[in-house]
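Residues per chain, in single letters:
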Amino acid sequence: LGISSRVMHYGVMTVTAATVVSAFESVGSILVIAMLIVPPATAFLLTRRLPAMLMLSVTLAALSAAVGHALAISVPAVVFGRLGFSEVQDASTAGMMAVAAGLFFFVAVLTAPQDGLVSRVLDHWRLALRIAREDLLGWLYRLEERGATPVSAAKHRTAPLSGRFLQALARWQLRQAGLVVGSDGTLRLTDRGRRQARHIVRSHRLWESYMSRHFPLPDDHLHDAAERVEHFIDADLSEQLNEELQQPAHDPHGRVIPDGDAVDRDGA
């Protein structure tokens, strides 16, 4: 647009400095620092879009002012009255506004959609549950290859990330989605579950083949890495690997690489 970013940068810094200096004299340093930093930091946790971040910052600052003032004139009398200090009727509005802004920030730290602690824990559990489901499907498929079906799910143990509860939940979800049938004592794949399991095993063996071709690794070092990567290879990447490797029929261990099918990885 022909606008000098350097001029805009120093212009905004000058206005900010003037506002902060004048505000220090009128409302004090605590409130200025709290309102300058905490609402934008809270908005940054909630969105990555600049227009939305600006609007959220202003909205959160206004809410902090209103909530802080309400807390300053209501909470001290209730709290200190019960402690026997009936003469305490209110508190510093500036301090309580800073406290309110901090409370909003704390809630955002817990519940922000991308960076919140609760969101991260939920994402971790969702990933662990998907891996547990796919591990069980791949295990059942490999047993079918050896002619050992139906089998007892109690014999299956997934990665250490998946505890007993997670494994039980994964088996329940697979049954609800129609990917496996039978009880925990005798599980077997349905046709739909077999197609999804085939994709998982295909991804595993293609990745083993890819590593074997491009990295100087012994064959007994390929399985563990492929067991992790197989959960993140979609149909497009699987086909790219297949073309790169010139459509191999067997993996480095001599096992057949299944044909590719388009499957819904999140069907469970």
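Let us look at the structure shown here. These numbers were taken from a predicted model, which means no experiment stands behind them.

## Observations regarding the packing of helix α1 (residues 5–27) against helix α2 (residues 29–46)
For step 1, the next point in the chain: For the pair α1 and α2, interaxial distance at closest approach is 7 Å and the crossing angle is 140 degrees. With respect to α2, the element α1 is oriented oblique. Contacts from Thr16, Val20, Ala23, Phe24 and Val27 of α1 reach α2 at Ser29, Leu31, Val32 and Leu36.
For step 2, the next point in the chain: A class-by-class count of the residues in the contact of α1 with α2 yields 7 nonpolar, 2 polar and no charged.

## So, the pattern of salt bridges
For step 1, the next point in the chain: Summed over all chains, the structure comprises 11 salt bridges.
For step 2, the next point in the chain: Here Arg120 makes a salt bridge to Asp115, at a shortest N to O gap of 4.0 Å.
For step 3, the next point in the chain: Under the relative-accessibility criterion, Asp115 is labelled partly exposed at 23%.
For step 4, the next point in the chain: A salt bridge links Glu208 to Arg255; the shortest N-O distance between them is 3.2 Å. With Glu208 in helix α7 (residues 191–214) and Arg255 in the segment after α9 (235–244), this residue pair connects regions lying 47 residues apart in the sequence.

## Digging into unusual backbone geometry
For step 1, the next point in the chain: Positive phi, normally seen in glycine, also occurs at Gln246, with a value near 60 degrees.
For step 2, the next point in the chain: Here Gln246 lies in the segment after α9.
For step 3, the next point in the chain: At Gln247, a position not held by glycine, the phi torsion is positive, near 55 degrees.
For step 4, the next point in the chain: On the secondary structure map, Gln247 appears in the segment after α9.

Conventions adopted
- Residues numbered from 1 in each chain as written.
- Predicted model: local features only at pLDDT ≥ 70, side-chain atom pairs only at ≥ 80, totals over all residues.
- Heavy atoms only, no water.
- Axes fitted to C-alpha atoms, helices over the stretch in contact; angles between N-to-C directions.
- Helix = DSSP H or I, 4+ residues; strand = E, 2+ residues; numbered from the N terminus.
- Parallel < 35°, antiparallel > 145°, perpendicular 65-115°, else oblique.
- Contact = heavy atoms within 4.5 Å.
- Nonpolar A, V, L, I, M, F, W, Y, C, P; charged D, E, K, R; others polar.
- Salt bridge = Lys/Arg side-chain N within 4 Å of Asp/Glu carboxyl O.
- Buried < 20%, exposed > 50% of the residue type's maximum accessible area, 1.4 Å probe, protein only.

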